[in-house]
Each structure stands twice: as structure tokens, then as C-alpha cells.
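Given next are the chains, with one letter for each unit.
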Amino acid sequence: QVHLVESGGGLVQPGGSLRLSCAASGSIFSINFMAWYRQVPGKQRELVAGIIDGGTTNYADSVKGRFTISRDNARNTVTLQMNTQKPEDTAVYYCNVVARTSQAPGVPRNYWGQGTQVSVSS
């Protein structure tokens, strides 16, 4: 139905920057919500940043002022610009999309990417 492909993860030094991108494809009727989550071993997956259809954004307190989420509606992509990164940002980052498909436009469903590793270390 809907497939998410993430890119941009990798290794960066403290204070450095990375940009994550997520592209949604498939029989998409509409996208209501796009977000980035992250997860480390032994902890629950947490919301890092989200953006709704109207452009309103939401950030975890730990990343406010450092991370920026944005969308390209024409390309069905969401981007997370991560600046001034800290070691505690190290995690697997997952793209999340709430979307409706052409086959079932009245049923919003939750979709997840495969995850991309972000490591912040000297």
C-alpha cells in the first residue's frame, strides 16, 4: 500500500549535522501526518518531531532549537535537519506516516520505515 524509504543516517561528531529524508510511495490518496521517531536499546520508541497536513510542527523538548522537520507535499517526503548533534541523539530513527490509500480513502493507517542508524560520537 504505502512504502517508506529513509536515507541520510550515518556517523557524525558531536556538534555536527545530519539530514534525514523519508520518501513515501504507493497508492497514496492523502497524507495526514508525517513524523520522525527514534529508539535506543532498552527504551521505548519516542517521537522526535512531527508535522501535520497544515504545516504545524511538534518537537521533543530535547531537540527543540536544534532539529527542524519539513515536508515536500509534491514529492511526499519529510525531512529532518539535525544540527548541533549530541551523543544522546544516537539512535535508530524511524519515519512514520499516517496516510490514506486510493483503495481505502476513508481509512487512515499508520506506516513505518525500516529505520536508519544515527551515531553521534567522537
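In this report, the structure presented in the accompanying data block is examined.

What counts, and where the lines are drawn
Residues numbered from 1 in each chain as written. Predicted model: local features only at pLDDT ≥ 70, side-chain atom pairs only at ≥ 80, totals over all residues. Heavy atoms only, no water. Helix = DSSP H or I, 4+ residues; strand = E, 2+ residues; numbered from the N terminus. Rg over C-alpha atoms; globule rule 2.2 N^0.38 Å. Buried < 20%, exposed > 50% of the residue type's maximum accessible area, 1.4 Å probe, protein only. Areas by Shrake-Rupley, 256 points an atom, 1.4 Å probe, with all protein chains shown as cover. Contact = heavy atoms within 4.5 Å. Phe/Tyr/Trp six-rings, centres within 6.5 Å; stacked < 30°, edge-to-face > 60°. Salt bridge = Lys/Arg side-chain N within 4 Å of Asp/Glu carboxyl O. Pairing = 2+ DSSP bridges. Axes fitted to C-alpha atoms, helices over the stretch in contact; angles between N-to-C directions.

**Overview of the overall build of the protein**
Scanning the protein from N- to C-terminus turns up zero helices and eleven strands. Start at the N end of the protein and walk to the C end: the helices and strands fall as β-β-β-β-β-β-β-β-β-β-β. Relative to its length of 122 residues, the protein is compact, with a C-alpha radius of gyration of 14 Å against a globular reference of 14 Å. Oriented by its inertia axes, the alpha-carbon framework of the protein measures out at about 50 × 25 × 25 Å. Taking all 122 residues of the protein together, the buried fraction comes to 39%. Here the protein displays about 6,400 Å² of accessible surface, and carbon together with sulfur accounts for 48% of that area.

**As for the side chain of Thr77**
Relative to the elements of secondary structure, Thr77 occurs in strand β8 (residues 77–82). Taking the relative accessible area as the measure of exposure, Thr77 reaches 18% and is therefore buried. Among residues more than four places away in sequence, those in contact with Thr77 are Cys22, Ala23, Met34, Ser70, Arg71 and Asp72.

**A closer look at the packing of aromatic side chains**
Following the criterion strictly, the structure yields one aromatic pair and no others. Look at Tyr37 and Trp112: their rings are 5.0 Å apart centre to centre, the planes differ by 65°, and that puts the pair in the edge-to-face class. Here the residue Tyr37 occupies a position in strand β4 (residues 28–39), and Trp112 occupies one in strand β10 (residues 109–112), the gap between them amounting to 75 residues. Residue Tyr37 is classed as buried on the basis of its relative accessible area of 18%.

**With respect to the environment of Thr84**
For Thr84, the position within the fold is in the loop between β8 and β9 (91–101). Sequence spacing of Thr84 and Arg66 is 18 residues, and the spatial spacing of their C-alpha atoms is 6.1 Å.

**Concerning unusual backbone geometry**
In this model, Asn76 sits at a positive phi of 55°, which is unusual for a non-glycine residue. Tracing the chain through its elements places Asn76 in the loop between β7 (67–72) and β8.

**A closer look at the pattern of salt bridges**
Taken as a whole and judged by the stated rule, the model has six salt bridges. Two residues, Glu46 and Arg38, come together in a salt bridge whose shortest N-O distance is 2.9 Å. In this structure, Arg71 engages Asp53 in a salt bridge whose closest nitrogen and oxygen atoms are separated by 3.7 Å. With Arg71 in strand β7 and Asp53 in the loop between β5 (46–52) and β6 (57–59), this residue pair connects regions lying 18 residues apart in the sequence. Judged by relative accessible area, which is 22%, Arg71 ranks as partly exposed. Through salt bridges with shared partners, a single network forms among Arg38, Glu46, Arg66 and Asp89.

**Side note on the sheet that holds strand β1 (residues 2–7)**
Sheet strands associate in pairs through backbone hydrogen bonding, adopting either a parallel or an antiparallel arrangement. If you trace the four strands from one edge of the open sheet to the other, you get β1-β3-β8-β7, paired in antiparallel fashion. Two strands in the sheet have a free side with no partner beyond their single neighbour: β1 and β7. Strand after strand, the sheet turns through a mean of 15° between neighbouring axes, direction not considered. Pairing of β1 with strand β3 (residues 18–26) involves six bridges; the strand directions are antiparallel. Considered in β3, the bridge of Val5 is made with Ala23.

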